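A structural walkthrough
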Amino acid sequence: MLSYIVKRIFHAILVVIVISLIVFFSIRLTGDPVAIMFGAGEPTQEAIDQLTTELGLDQPLHIQYGLFMKGLLTFDLGESFRSGTPVMTLIAERVGPTMLLALGGMVVALLIAFPVGIISAVKRDTFLDFGGRVFSLIGISFPNFWLGIMLILIFAVNLQWLPASGYEGFKYLILPSITLGLILSGVLARLVRSSMLEVLNQQYIRTAESKGISKWVVILKHAFRNALLPTTTFIGLQFGALLGGTVIIEQVFAWPGIGRLIIDAINQRDYPVVQGGVVFLALVMVVVNLIVDLSYSLIDPRIKAGKGK
């Protein structure tokens, strides 16, 4: 078990390093932040050189990357080029709304996927099963930004039941949560269905039914509970993915989370904020995946490090 944990931690560190390399060098292909900061003015070369030096952009790329990684080890992600605010402060201000949105999306996904998956499995090869599978396919196929725009047009613009954007109360959370949750529920419903079908074919389920136990008691108490192991693992992994998936949704709904912070920073060529925001989301996803991976190995003793599972 110790070697398994060490191996997983090593993989997690490697993933973070690769992501930091990608974001560090790719953001520098988007343009010169100094030119954007001066705007439409015509600064002198001396002013340009001075600002470039102040921002540390006059140093070789490998030196800049080394300083970035050194700061990462001490949780110092630098300061914003635009405001001079520490990046960690900006992230701390936005992490709450992002976590809330990811949690809201997960709740919506579970409320939809569990009933759809269970009914599809129990009513296998019936019209209800067909409808559940079609729903899953549609959920998987929809682009989240398109779905968000459609929900805004229907419920905010035409019906005027809910606000289109903002972050001022529970009702502002409903549309973005539904957008995230519907997309995830399609994948999750299929997983619940397949897990339930596998469990329903087990001998102990037929034995419980032969004892005269109510059908739905057998389904919910015995079958569904045992089908939750792979589903729980998937939910843990997808929650980490949801944090990254909120980037577009936050932009569509003007949600003040880390995703919108990153998009705004990209438009302004604010290198430290982009680097810090992306690496922070990557760290969260890696940590969540690592926790799920390790907890799964504890729950299921068949998983061995030597087997590479």
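Located above this text is the structure these notes cover.
This is a predicted model, so every value here is computed, not measured. Numbers given for residues are sequential positions, taken from 1 along each chain in its written order. Local features in a predicted model are, by the rule used here, given only for residues with pLDDT of at least 70; side-chain atom pairs are given and counted only at 80 or more, and totals for whole chains, interfaces and linings are based on all residues. The side-chain values count all of the structure's non-hydrogen atoms but skip hydrogen atoms and water molecules.

Looking now at the overall build of the protein. Secondary structure assignment for the protein yields 12 helices and 0 strands. Secondary structure elements follow DSSP: runs of H or I no shorter than four residues count as helices, runs of E no shorter than two count as strands, and numbering proceeds from the N terminus. Along the protein, helices and strands appear, N-terminal first, in the series α-α-α-α-α-α-α-α-α-α-α-α. For the protein, the spread of C-alpha atoms along the three principal axes comes to 85 × 60 × 30 Å. Going through the 309 residues of the protein one by one, you find that 40% of them count as buried. Residue contacts are defined here by distance: any two heavy atoms, one from each residue, within 4.5 Å place the two residues in contact. Considering only contacts in the protein between residues 6 or more positions apart, those separated by 24 or more positions represent 75%. Surface accessibility of the protein: about 16600 Å² in total, with carbon and sulfur atoms responsible for 66%. Charge separation in the protein, taken as the distance between the mean sites of 23 positive and 19 negative side-chain charges, equals 22 Å. Only protein chains enter the calculation, and the probe is 1.4 Å; a residue is then buried if its accessible area is under 20% of its type maximum, exposed if over 50%, and partly exposed in between. Note that accessible areas follow from Shrake-Rupley with a 1.4 Å probe, and for residues the cover is restricted to the protein chains shown. Note that His is not counted, nor are the chain ends; the positive residues are Lys and Arg, and the negative ones are Asp and Glu. We put the charge of a Lys on NZ, of an Arg on CZ, of an Asp on CG and of a Glu on CD.

The aromatic pairing rule takes the rings of Phe, Tyr and Trp, using the six-membered ring of Trp, and pairs them if the centres are within 6.5 Å, calling planes under 30 degrees apart stacked, those over 60 edge-to-face and the rest tilted. Applying the stated criterion across every chain, the model contains 8 aromatic pairs. Relative to F68, the ring of F24 has its centre 6.3 Å away and its plane inclined at 25 degrees; by these criteria the two rings are stacked. In this pair, F24 sits in helix α1 (residues 2-27) while F68 sits in helix α4 (residues 61-73), placing the two residues 44 residues apart along the sequence. Given a relative accessible area of 1%, F24 falls into the buried group. Here F81 and Y271 contribute two aromatic rings whose centre-to-centre distance is 5.9 Å and whose plane-to-plane angle is 55 degrees, an arrangement assigned as tilted. Here F81, found in the loop between α4 and α5 (87-122), pairs with Y271, found in helix α12 (residues 271-299); they are 190 residues apart in sequence, far enough to count as distant. Taking the relative accessible area as the measure of exposure, Y271 reaches 4% and is therefore buried. An aromatic cluster of three or more residues is present, and its members are F24, F25, Y65 and F68. Any Lys NZ or Arg CZ that is within 6 Å of a ring centre and within 35 degrees of that ring's normal is treated as a charge sitting over the ring. Sitting over the face of the ring of F24, R28 holds its NZ or CZ atom 3.7 Å from the ring centroid.

Membership of the largest hydrophobic core comes to 67 residues, with the highest contact counts inside it found for F68, I118 and M196. Sequence-distant contacts of I118, defined by excluding residues within four places in its chain, comprise V192, M196, W216, I219, L220 and F224. Buried Ala, Val, Leu, Ile, Met, Phe, Trp, Tyr and Cys residues form a nonpolar core when they are joined through side-chain atoms within 4.5 Å.

It is worth spelling out the packing of α5 against helix α6 (residues 127-141) at this point. All axes here are fitted lines through C-alpha atoms, helices being fitted over the stretch that makes contact, and every angle between N-to-C directions spans 0 to 180 degrees. Direction vectors running N to C along α5 and α6 enclose 140 degrees, while the axes themselves pass 8 Å from each other. Judged by the angle between their axes, α5 and α6 are oblique. Crossing hand, α5 versus α6: left-handed. Note on element contacts: α6 touches α5 through L128, D129, G132, R133 and F135, opposite I112, V116, I119 and S120. Angles are sorted into four bins: roughly parallel if under 35 degrees, roughly antiparallel if over 145, roughly perpendicular if 65 to 115, and oblique for all others. Take the far helix as the reference: if the near one is turned anticlockwise from it by less than a right angle, the crossing is left-handed, and if turned clockwise, right-handed.

Using a probe with the size of a water molecule, rolled over the atoms, empty space left in the structure can be pinpointed. Of the grid points, spaced at 1 Å and generated over the protein atoms alone, those admitting a 1.4 Å probe that cannot get out make up cavities, while open sets with protein on both sides within 12 Å along at least five of seven lines make up pockets; any residue with an atom within 4 Å of a point is treated as lining. Grid points are joined across faces, edges and corners, and a volume is the space filled by probe spheres set on the points. Going through the model one piece at a time under the given rule, you end up with 1 cavity of 30 Å³ or more. Put simply, the largest cavity is a space of about 30 Å³. Along the walls of the largest cavity sit V95, T98, M99, L243, I258, F280, L281 and V284, which together make up its complete lining. Put simply, the parts of the chain that give the lining of the largest cavity at least two residues each are α5 and α12.

Moving on: unusual backbone geometry. The residue Q160 is not glycine, and still its phi comes out positive at about 55 degrees. With respect to the helices, strands and loops of the structure, Q160 is situated in the loop between α7 (144-158) and α8 (171-200). Non-glycine residue A254 carries a positive phi angle of around 50 degrees. Topologically, A254 is positioned in the loop between α10 (215-252) and α11 (258-267).

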